Number of protein chains: 2
Amino acid sequence: MRMYDIILKKRDGGVLDRSEIEFWIGGCVRGTIPDYQTAALLMAIYFRGLSRRETSDLTLSMYKSGDTVDLSELPGIKVDKHSTGGVGDKTTLVLAPLVASAGVPVAKMSGRGLGHTGGTVDKLESIPGFRVEMDRREFIRQVGKIGLAVVAQTGNLVPADKKLYSLRDVTATVDQVSLIAASIMSKKLASGAGAVVLDVKAGRGAFMKDAEGAEDLARLMVDIGSSLGLRTAALITAMDQPLGLAVGNALEVREAIETLQGGGPGDLRELSLVIGAEMVVLAGRARTTSEAREMLEKNLVSGMALAKFREMISAQGGDPAVLDNPGLIPEAAGKTAIKAESGGYLSRCDAMGIGLAAMNLGAGRETKESAIDLAAGVVLHKKEGQRVAAGEVLATLHHNPGARLEMAVELARRSFAVQQSPPPAGPLIIRKI
Amino acid sequence: MRMYDIILKKRDGGVLDRSEIEFWIGGCVRGTIPDYQTAALLMAIYFRGLSRRETSDLTLSMYKSGDTVDLSELPGIKVDKHSTGGVGDKTTLVLAPLVASAGVPVAKMSGRGLGHTGGTVDKLESIPGFRVEMDRREFIRQVGKIGLAVVAQTGNLVPADKKLYSLRDVTATVDQVSLIAASIMSKKLASGAGAVVLDVKAGRGAFMKDAEGAEDLARLMVDIGSSLGLRTAALITAMDQPLGLAVGNALEVREAIETLQGGGPGDLRELSLVIGAEMVVLAGRARTTSEAREMLEKNLVSGMALAKFREMISAQGGDPAVLDNPGLIPEAAGKTAIKAESGGYLSRCDAMGIGLAAMNLGAGRETKESAIDLAAGVVLHKKEGQRVAAGEVLATLHHNPGARLEMAVELARRSFAVQQSPPPAGPLIIRKI
């Protein structure tokens, strides 16, 4: 078999068979196929696409390219969740303890973030003492004991994805639906879960700008999941404005705690309940999502979800006192208000703009090597559709010395628009696949 | 400027400007742009194409990537010719002395061949003593003195083409008309000629299988030539069956000598006169091609063309006695006849099959490192449309010990087809652009 023939076949619109895809991915990871041939094939795939079957074969080949996590010694169906990424998306912080409190084992490996804020494990590190690095045995032991662990990814999971992504990133071949789907699903398979709920974001602040593109991606991933024995559900959810009010690592942890205490912003609470209910049903702990949702709402009110979070913080070396005294979480020295120039209705609160503002304040990483300021970020005071008076504070920037404040202020300012009539409101949950 | 943005622009159907193309080619040759980015761009170009203007800018950037030959000290318009490659194509051997005999200076640098036979300089090496390696000064001095030199390429001419071709060759991006045109025209510009006649082959034995594809390529090259100040004419010529009767280095030299002596196969003689006439007109030595053709025909008959070849052989250290005694040219020890199985009309004499047979006999190179058997090859006795009797010899294979004779016999046999009715005959010169 020759890589040249595989490139030619795809270039000419042919369908690659499983052995060809395995040859490519295996050779790409081992380094026997040069990067320029993989780059040419990726561009050919960009133009020709991959069939459902090819995408499923690619997912499987990528999954098999490295280590996999074996969670089989843990009883029950382990359910994972995945978000395609949005601004202010701290649902995992709420969902993991919430779903675990309903008896669903949550063994979550999470990445560090690259972009406007850190990833889930970066956020958790704003809890004093919290340890996200943990070996595989310890991780499984903790899930066995308290039903919950959220840790940083360890081991050589899906090296094919790392390799392909690094090439896609520099060859303008990131935005291809089958390559995205295979990347996500291969990692979910390798993480050892038996079921997964996908939160596919659509909107200005998401990778997929429109709901149609998001739906195509979601359907493809659900199909691949089924074809590979992974129970998969997907939701298309809105990402025009940030989720909740807080954007930034420590700020998001505070908001997650409020939500686990039964409060928190309405959209964050709602999304957590909707995704959580899907997870509970996939895990077989409820027959319907409404039954599942009722369980979860009860656990928010009763404090069981918060108690589960407390257990996890203690188990991972963190100080559980943060739950009673959020002042223990790092706070930025400086605060700068962004005010409305005129009164009316907030018609735009641009997630991408707010995300970039947060990154300029130090909340995110521009490169893998960048350091994060856990305390930095943006807190919104208004969301789209709400009335605002001229001069009223729309958002507060949280920053420490060294932040690119001027740039952040400019980006934040431009993220807002106010108009005289109430803007049309779109749904938070756009569709369920 | 970032290579990423250039790839993205072309991927999305944009038109690259000159500075972007220069950035790419410069970085590619210097090694500051990694091969995987060039490979991705090449594939995007395969799908999106390049405009006339982009192709012309690419040609210019490639031309400027290395050394160029300066022929300005030689008087008159130096005319080059280029063939896109066919089986049995020894026209340069005839054309160079023929055109030089009409007073057109011919300063020809030629490559070694990769494929079914050697290139022009390999062929010339079957003349005992003939030297094709010559430094730039000596080369120009010889042209100044006798009006003719055919030597091997020296110096670092168009390194961008070497680099791009080596990547295209392994990423299935060779057959893209703009990339082909830029490759050919950049080399013609760098060789220092002021005018060029292009022989674009079309047919089973050519890169371009159909006349339409060949015409697109020819028109594009003529346009690029004009836009870059190189006077360019192009002919589309047939390459379904080999040109002439001989395929193989020494065998082709013998046939070229016969043609310069006023004989030779009709198609070789005709093509040499047609291309030669174009060259003479472009050089300003005749006003019309019919006037030019008359001059050239006269020089074939009078022996002036042969005399010019004799001068060149002497000047380059070869033994001019080969012209009187072709037995001095190497001859293979073994001869194997391919006979017609049935009688009728020869309806197919497949150039590609005959070329591959010759390569298996040792006439060509499979890799750059392969050694060539100068004496090996195929001599046809019949061409398409001719009557053949059952058992009549269609071709003779010339071979030395070590040839893959069995394979060559099989390939040669399969190249021929005989039918009962005369096949339709296509023209040799399909079109003039």
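Residues numbered from 1 in each chain as written. Chains lettered and ligands numbered in written order. Predicted model: local features only at pLDDT ≥ 70, side-chain atom pairs only at ≥ 80, totals over all residues. Heavy atoms only, no water.

Considering the overall build of chain A
Move 1: When its secondary structure is counted, chain A shows 16 helices and 13 strands.
Move 2: Relative to a compact globule of 433 residues, whose C-alpha radius of gyration would be 22 Å, chain A shows 22 Å and is just as compact.
Move 3: By its C-alpha atoms, chain A is 65 × 45 × 40 Å across when sized along the principal axes.
Move 4: Within the span of chain A, comprising 433 residues, buried residues form 57% of the whole. (Helix = DSSP H or I, 4+ residues; strand = E, 2+ residues; numbered from the N terminus. Rg over C-alpha atoms; globule rule 2.2 N^0.38 Å. Buried < 20%, exposed > 50% of the residue type's maximum accessible area, 1.4 Å probe, protein only.)

Points about the pattern of salt bridges
Move 1: Following the criterion strictly, the structure yields 76 salt bridges over all chains and no others.
Move 2: Where Arg219(A) meets Glu215(A), a salt bridge forms, and the shortest distance between an N and an O atom there is 2.9 Å. In this pair, Arg219(A) and Glu215(A) are both assigned in helix α10 (residues 211-227), 4 residues apart and thus about one turn of the helix distant.
Move 3: You can call Arg219(A) partly exposed: its relative accessible area is 40%.
Move 4: Residue class for Glu215(A) comes out buried when judged on its relative accessible area of 14%.
Move 5: Between Glu22(B) and Lys64(B) there is a salt bridge, and its shortest N-O distance comes to 3.2 Å. Taken together, the residues span a long stretch of sequence, with Glu22(B) in helix α2 (residues 18-30) and Lys64(B) in the loop between α4 (52-63) and β1 (79-83) at a distance of 42 residues.
Move 6: Each member of the salt-bridge network shares a partner with another, and the members are Arg112(A), Asp122(A), Glu125(A), Glu133(A) and Arg365(A). (Salt bridge = Lys/Arg side-chain N within 4 Å of Asp/Glu carboxyl O.)

Some points on the relation of the copies chain B and chain A
Move 1: Mapping chain B onto chain A calls for a rotation angle of 180° and an axial translation of 0.1 Å; the resulting RMSD is 0.1 Å. Put plainly, the chains are arranged around a two-fold axis. Considering only C-alpha atoms, the residue of chain B closest to the rotation axis is Tyr36(B), which sits at 1.9 Å.
Move 2: A shared interface surface links the copies, since 100% of the contact residues of chain B are contact residues in chain A too. (Least-squares fit on C-alpha atoms with pLDDT ≥ 70 in both. Contact = heavy atoms within 4.5 Å.)

Concerning the sheet that holds strand β11 (residues 393-399) of chain A
Residue and element names in this part refer to chain A.
Move 1: As summarised here, the arrangement of the 4 strands in space is β6-β9-β11-β7, forming an open sheet in which the pairing is antiparallel. Looking along the sheet, the strands with just one partner apiece sit at the ends: β6 (246-247) and β7 (334-339).
Move 2: Of the strand pairs in this sheet, β7 and β11 are connected by 6 bridges, and their pairing is antiparallel. Its bridge partner lying in β11, alanine 337 is registered against threonine 396.
Move 3: Against the sheet, helix α15 (residues 351-361) engages β6, β9 (377-380) and β11, with an angle of about 140° to β9. (Pairing = 2+ DSSP bridges. Axes fitted to C-alpha atoms, helices over the stretch in contact; angles between N-to-C directions.)

Focus: the interface of chain B and chain A
Move 1: The interface of chain B with chain A comprises 22 residues on the first partner and 22 residues on the second.
Move 2: Of the roughly 1800 Å² buried at the junction of chain B and chain A (both faces included), carbon and sulfur atoms supply 72%.
Move 3: Contact with chain A buries area across many residues of chain B, yet Arg11(B), Tyr36(B) and Phe47(B) alone supply 36% of it, more than any other trio.
Move 4: On the surface where chain B and chain A come into contact, there are 2 salt bridges.
Move 5: The partner of Asp175(B) in a salt bridge is Arg11(A), with the nearest N and O atoms 2.7 Å apart.
Move 6: Counting the contacts that link chain B with chain A gives 8 residue pairs in polar contact (both at pLDDT 80 or more).
Move 7: Where the side of chain B that touches chain A is concerned, the elements lending two or more residues are α1 (3-11) and α3 (35-48) of chain B. (Buried area = accessible area lost by both parts, 1.4 Å probe. Polar contact = N/O pair within 3.5 Å; in protein donor to acceptor, adjacent residues only side chain to side chain.)

Here we look at the sheet that holds strand β12 (residues 416-419) of chain B
Residues and elements named next belong to chain B.
Move 1: Within the open sheet, the 3 strands sit side by side as β10-β8-β12. Their pairing is antiparallel. Strands at the two margins of the open sheet, each flanked by one partner only, are β10 (387-388) and β12.
Move 2: Examined bridge by bridge, strand β8 (residues 344-349) and β12 share 4 bridges and lie antiparallel to one another. Residue pairing across strands places arginine 348 opposite alanine 417, the latter belonging to β12.
Move 3: Sitting on the sheet, helix α16 (residues 405-415) is in contact with β8 and β12, with an inclination near 35° to β12.

Some remarks on the nonpolar core
Move 1: The biggest cluster of nonpolar side chains holds 78 residues, and the ones touching the most others in it are Trp24(A), Leu58(A), Phe139(A), Trp24(B), Leu58(B) and Phe139(B).
Move 2: Not counting chain neighbours up to four residues away, the residues in contact with Leu58(A) comprise Ile21(A), Trp24(A), Ile25(A), Leu50(A), Leu179(A) and Ala182(A). (Core = buried A, V, L, I, M, F, W, Y, C linked by side-chain atoms within 4.5 Å.)

A look at the side chain of Asn299(B)
Move 1: Structurally, the position occupied by Asn299(B) is in helix α13 (residues 289-302).
Move 2: Residue contacts for Asn299(B): discarding those within four places in its chain leaves Leu98(B), Ser101(B), Ala102(B), Met304(B) and Ala305(B).

Topic: helix α8 (residues 159-168) of chain A
In an α-helix there are 3.6 residues to a turn, and that puts residues three or four apart on one side.
Move 1: For α8(A), the full list of buried residues reads Pro159(A), Ala160(A), Asp161(A), Leu164(A), Leu167(A) and Arg168(A).
Move 2: As for α8(A), its buried residues are in contact with α2 (18-30), α3 (35-48), α4 (52-63) and α9 (177-190) of chain A together with α3 of chain B.

Notes on the side chain of Ser101(B)
Residues and elements named next belong to chain B.
Move 1: Tracing the sequence through the fold places serine 101 in the loop between α5 (91-100) and β2 (106-110).
Move 2: With a relative accessible area of 11%, serine 101 lands in the buried category.
Move 3: Separated by 2.9 Å, the side chains of serine 101 and asparagine 299 make a polar contact.

What to know about unusual backbone geometry
Residues and elements named next belong to chain A.
Move 1: Of note, the phi angle at alanine 172 is positive, near 60°, even though the residue is not glycine.
Move 2: For alanine 172, the position within the fold is in the loop between α8 and α9.
Move 3: Accessibility expressed as a relative area gives 1% for alanine 172, which makes it buried.

Focus on the packing of aromatic side chains
Move 1: Within the structure shown, the criterion is met by 3 aromatic pairs over all chains.
Move 2: The interplanar angle of 80° and the centroid separation of 5.4 Å between the aromatic rings of Tyr46(A) and Phe47(A) together place this pair among those described as edge-to-face.
Move 3: Members of the aromatic cluster, joined through ring pairs, are Tyr46(A), Phe47(A), Tyr46(B) and Phe47(B). (Phe/Tyr/Trp six-rings, centres within 6.5 Å; stacked < 30°, edge-to-face > 60°.)

A word on the environment of Ser342(B)
Residues and elements named next belong to chain B.
Move 1: By the element assignment, serine 342 lies in the loop between β7 (334-339) and β8.
Move 2: Each C-alpha atom of the pair serine 342 and alanine 390 lies 4.1 Å from the other, and the pair is 48 residues apart in sequence.
Move 3: Here serine 342 is in contact with Val388, Ala389, Ala390 and Val418, once residues within four sequence places are set aside.

A short note on the environment of Ser178(B)
Move 1: Structurally, Ser178(B) can be placed in helix α9 (residues 177-190).
Move 2: Those residues within four positions of Ser178(B) in sequence are excluded, and the remaining contacts are Leu50(B), Thr55(B) and Leu220(B).

A look at the domain arrangement of chain A
All names here are of chain A.
Move 1: Its domain assignment divides chain A into domain 1 (3-49), domain 2 (79-323) and domain 3 (330-419).
Move 2: For domain 1 versus domain 2, the separation of C-alpha centres amounts to 32 Å.
Move 3: Summed over both sides, the interface of domain 1 with domain 2 buries roughly 1100 Å², with 81% coming from carbon and sulfur.
Move 4: Applying the counting rule to domain 1 against domain 2 returns 1 salt bridge.
Move 5: Here lysine 163 makes a salt bridge to aspartate 35, at a shortest N to O gap of 3.1 Å.
Move 6: Joining domain 1 to domain 2, the criterion identifies 1 residue pair in polar contact (both at pLDDT 80 or more).
Move 7: For the side of domain 1 that touches domain 2, the secondary structure elements donating two or more residues are α2 and α3.
Move 8: Here the element with the most residues in the side of domain 1 that touches domain 2 is α3; it accounts for 7 residues. (Domains from an automatic or database assignment.)

Points about the packing of α9(B) against helix α10 (residues 211-227) of chain B
Residue and element names in this part refer to chain B.
Move 1: Look at α9 against α10: their axes get within 9 Å of each other, and the N-to-C directions meet at 50°. As far as their axial angle goes, α10 and α9 are oblique. Once α9 is placed against α10, the crossing between them reads as right-handed. Between α9, through Val177, Ser178, Ile180, Ala181, Ile184 and Met185, and α10, the contact on the second element is made entirely by Asp216, Leu217, Leu220, Met221, Ile224 and Gly225.
Move 2: Broken down by class, the residue content of the contact of α9 with α10 amounts to 9 nonpolar, 2 polar and 1 charged. (Parallel < 35°, antiparallel > 145°, perpendicular 65-115°, else oblique. Left-handed = near helix turned anticlockwise from the far one by under 90°. Nonpolar A, V, L, I, M, F, W, Y, C, P; charged D, E, K, R; others polar.)

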